[in-house]
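Chain by chain, the residues:
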Amino acid sequence: MEFEKSVEKSWSNQQNIGLTAYLKKMKGEAREKDRIDYIDSFVSAIGGLIAIIIISFIAVYLGYPMALAPLGASCVIVFGAHKSLLSQPRNVIGGHIISTTIALIIWSIFGKSLFIIGLVLAIVLIIMTFTKTVHPPAAASALVSINSQAGWGFLTSIVIGTLLLVFISMIYNNLFQTRQYPKHWL
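Since the model is a prediction, treat every value here as computed from it, not as a measurement.

Rules of the game
- Residues numbered from 1 in each chain as written.
- Predicted model: local features only at pLDDT ≥ 70, side-chain atom pairs only at ≥ 80, totals over all residues.
- Heavy atoms only, no water.
- Helix = DSSP H or I, 4+ residues; strand = E, 2+ residues; numbered from the N terminus.
- Buried < 20%, exposed > 50% of the residue type's maximum accessible area, 1.4 Å probe, protein only.
- Contact = heavy atoms within 4.5 Å.
- UniProt positions renumbered as here; feature names shortened; annotations may be inferred.
- Salt bridge = Lys/Arg side-chain N within 4 Å of Asp/Glu carboxyl O.
- Patch = residues over 30% accessible without salt bridge, like charges linked within 9 Å, V, L, I, M, F, W, Y side chains within 5 Å.
- Areas by Shrake-Rupley, 256 points an atom, 1.4 Å probe, with all protein chains shown as cover.

Novice: Residues and numbers for the overall build of the protein, please.
Specialist: When its secondary structure is counted, the protein shows 7 helices and 0 strands. Mapped from its N terminus to its C terminus, the protein presents α and β elements in the order α-α-α-α-α-α-α. Each of the three principal axes of the protein carries a C-alpha extent, and together these read 80 × 50 × 25 Å. Counting over 186 residues, the protein shows a buried share of 35%. Within the protein, contacts between residues at least 6 apart in sequence are counted, and of these 76% link residues at least 24 apart.

In structure tokens, the structure reads:
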């Protein structure tokens, strides 16, 4: 009886410690003040502007203006965080092509439903992780392709848009001495 009470008290104490530690994680950590480089931000904004205008002409001409949302998000990452792993060509091109293709295959087989949209997101995340092509806007490409029921022509717009984005970023970012794009291809 005494042993049971001691085990029960110990278990209860561990649960409280576990819950406290769990909730403490959500508090986060103190954040260092970011130093904003306004010149670099302006350079990034101009690069994104140039890229999205060119990509917009192509996407609208091809009849898929809905591709601009995920490609615009890619512009933010490619120009605003050009050193990031998520902005490198393998991730941008591979992520968009893989995600959109998988989404269109699943949509072709199962159609559109809330469950399918969620399933596609999970599958795309797993496959991008395995192929080392994680690029968050690519998941948006997958969801837009299903939600808009755009069909296979949407993939053409995404492929051309991502190739143009990487090309424009490569030309534009390397004009500046403090920038290099890409850091790596594969």
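Having put the structure on the table, let's press on.
Novice: Which residues make up the UniProt feature "domain: HPP transmembrane region" (unreviewed entry) in the protein, and what values go with them?
Specialist: The positions UniProt marks with the feature "domain: HPP transmembrane region" (unreviewed entry) are residues 35-182. The span residues 35-182 is 74% helical and 0% strand by assignment, and the distance between its end C-alpha atoms comes to 24 Å.

Novice: Mind laying out the pattern of salt bridges, listing which residues take part and the relevant values?
Specialist: For the structure shown, the criterion picks out 1 salt bridge. Across the pair Asp40 and Arg179 runs a salt bridge whose closest N-O atoms are separated by 2.9 Å. Linking Asp40 in helix α2 (residues 38-62) with Arg179 in the segment after α7 (153-173), this pair joins segments that are 139 residues apart in sequence.

Novice: I'd like to hear about a nonpolar patch on the surface, residue by residue, with values.
Specialist: A contiguous nonpolar patch, built from Leu19, Tyr22, Leu23 and Met26 and spanning about 440 Å² of accessible area, is present on the exposed surface. Among the secondary structure elements, Leu19 is positioned in helix α1 (residues 2-25). Since its relative accessible area comes to 45%, Leu19 is described here as partly exposed.

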